[in-house]
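Chain and residue survey
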Amino acid sequence: MRGYGVVVVDTPPALRSEALEAVLRASDFVVLPTPPAPLDLEALVETVRRAVRPVGVAHRVLLTRVDPRSLAEALEAQTALMEAGVPAFHAFVRAYKAHERAALEGKPITGFRGPNAREAEADYRRVAEELLRELGERALARAEGA
């Protein structure tokens, strides 16, 4: 889109969605959020294989709603994605009540001061830093190839 550096579009997770197809065709980079549960991962890997890869758009999976008491599940999910050839962020977003409470107060997590708010904010900052590094490396590679 002309005049914008970054456009974020949230689509429903439907494999045969016209909205998803249109977004994929117009994208330079796609973030695919999913919980680390096996059934969610299975559906996401299928979406990558059938919808994302054929378009050839760069992509990475973001594990969300990760139970902070069971980080091993997130690590297992990252390993499963790697074994399936699906790139994933190293960072992930843990599930905290702070997310719900901040939303109820109409505040971003960065403006919320309740329990676990700093941890929740730190998760998003790690994801943002990793995404910015990835996008910067891609821009540099394109500039060198031009």
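Worth saying up front: this structure is predicted, and the values here are computed from it rather than measured. (Residues numbered from 1 in each chain as written. Predicted model: local features only at pLDDT ≥ 70, side-chain atom pairs only at ≥ 80, totals over all residues. Heavy atoms only, no water.)

1. Re the overall build of the protein chain
A count of helical and extended segments in the protein chain gives five helices and two strands. Reading the helices (α) and strands (β) of the protein chain from amino to carboxyl end gives α-β-α-β-α-α-α. Expected size for 146 residues packed as a compact globule is a radius of gyration near 15 Å; at 16 Å, the protein chain falls within 12% of this value. In the protein chain, buried positions account for 33% of the 146 residues. Counted over contacts in the protein chain with a minimum sequence separation of 6, partners at least 24 positions apart contribute 65%. A total accessible area of about 9,700 Å² is found for the protein chain, and carbon and sulfur atoms account for 55% of it. Looking at the protein chain, you have 20 positive and 21 negative side-chain charges, and the mean spots of the two groups are 3 Å apart. (Helix = DSSP H or I, 4+ residues; strand = E, 2+ residues; numbered from the N terminus. Rg over C-alpha atoms; globule rule 2.2 N^0.38 Å. Buried < 20%, exposed > 50% of the residue type's maximum accessible area, 1.4 Å probe, protein only. Contact = heavy atoms within 4.5 Å. Areas by Shrake-Rupley, 256 points an atom, 1.4 Å probe, with all protein chains shown as cover. Lys, Arg positive; Asp, Glu negative; His and termini not counted. Charge placed at Lys NZ, Arg CZ, Asp CG, Glu CD.)

2. Examining the pairing of strand β2 (residues 58-63)
For β2, the tally of buried residues reaches six of six residues, placing the bulk of the element in the interior. Side chains of β2 alternate between two faces, with A58, R60 and L62 and H59, V61 and L63 buried alike. With six bridges connecting them, strand β1 (residues 29-34) and β2 associate as parallel partners. Bridge pairing in β2 places V31 opposite R60. (Pairing = 2+ DSSP bridges.)

3. A short note on helix α2 (residues 38-55)
Residues lying three or four places apart along an α-helix face the same way, a consequence of the helix completing one turn every 3.6 residues. Helix length check: α2 (18 residues) gives 25 Å between terminal C-alpha atoms against 26 Å at 1.5 Å per residue, within 8%. Along α2, the sharpest kink reaches roughly 40 degrees, centred on V48. L41, L44, V45, T47, V48, A51 and V52 are the residues of α2 that are buried. Among the structural elements, α1 (18-26), β1, β2 and α3 (71-83) are those in contact with the buried residues of α2. Just past α2, the residue G56 takes up positive phi, approximately 80 degrees. (Expected span 1.5 Å × (residues − 1). Bend = angle between axes of the 7 residues up to and from the residue.)

4. Section: the layout of surface pockets
Considered as a void within the structure, the largest pocket measures approximately 1,800 Å³ in volume. Along the wall of the largest pocket there are 44 residues; nearest its centre are V8, V9, F29, V30 and V31. Only α1, β1, α2, β2 and α5 (117-145) provide two or more residues apiece to the lining of the largest pocket. When residues in the lining of the largest pocket are grouped by element, the largest group, eight residues, is from α5. A breakdown of the residues in the lining of the largest pocket according to their chemical character gives 30 nonpolar, seven polar and seven charged. (1 Å grid on protein atoms, 1.4 Å probe; cavity = no way out; pocket = protein on both sides within 12 Å on 5 of 7 lines; lining within 4 Å. Points joined across faces, edges and corners; volume = space filled by probe spheres on them. Nonpolar A, V, L, I, M, F, W, Y, C, P; charged D, E, K, R; others polar.)

5. Some thoughts on the packing of aromatic side chains
Describing an aromatic ring pair means giving the distance of the ring centres and the angle of the ring planes. Tallied over the full model, the rule gives zero aromatic pairs. Its guanidinium or amino end placed over the ring of F89, R60 lies 5.5 Å from that ring's centre, counting from NZ or CZ. (Phe/Tyr/Trp six-rings, centres within 6.5 Å; stacked < 30°, edge-to-face > 60°. Lys NZ or Arg CZ within 6 Å of the ring centre and 35° of its normal.)

6. Focus on the side chain of H59
Note on placement: H59 falls in strand β2. Assessed through its relative accessible area of 12%, H59 is described here as buried. At a separation of 3.0 Å, a polar atom in the side chain of H59 contacts the main-chain carbonyl oxygen of V57. Beyond its immediate chain neighbours, meaning those up to four positions away, H59 contacts F29, V30, L32, V48, V52, R53 and P87. (Polar contact = N/O pair within 3.5 Å; in protein donor to acceptor, adjacent residues only side chain to side chain.)

Everything listed here is a matter of coordinates, which is why it stays silent on function.
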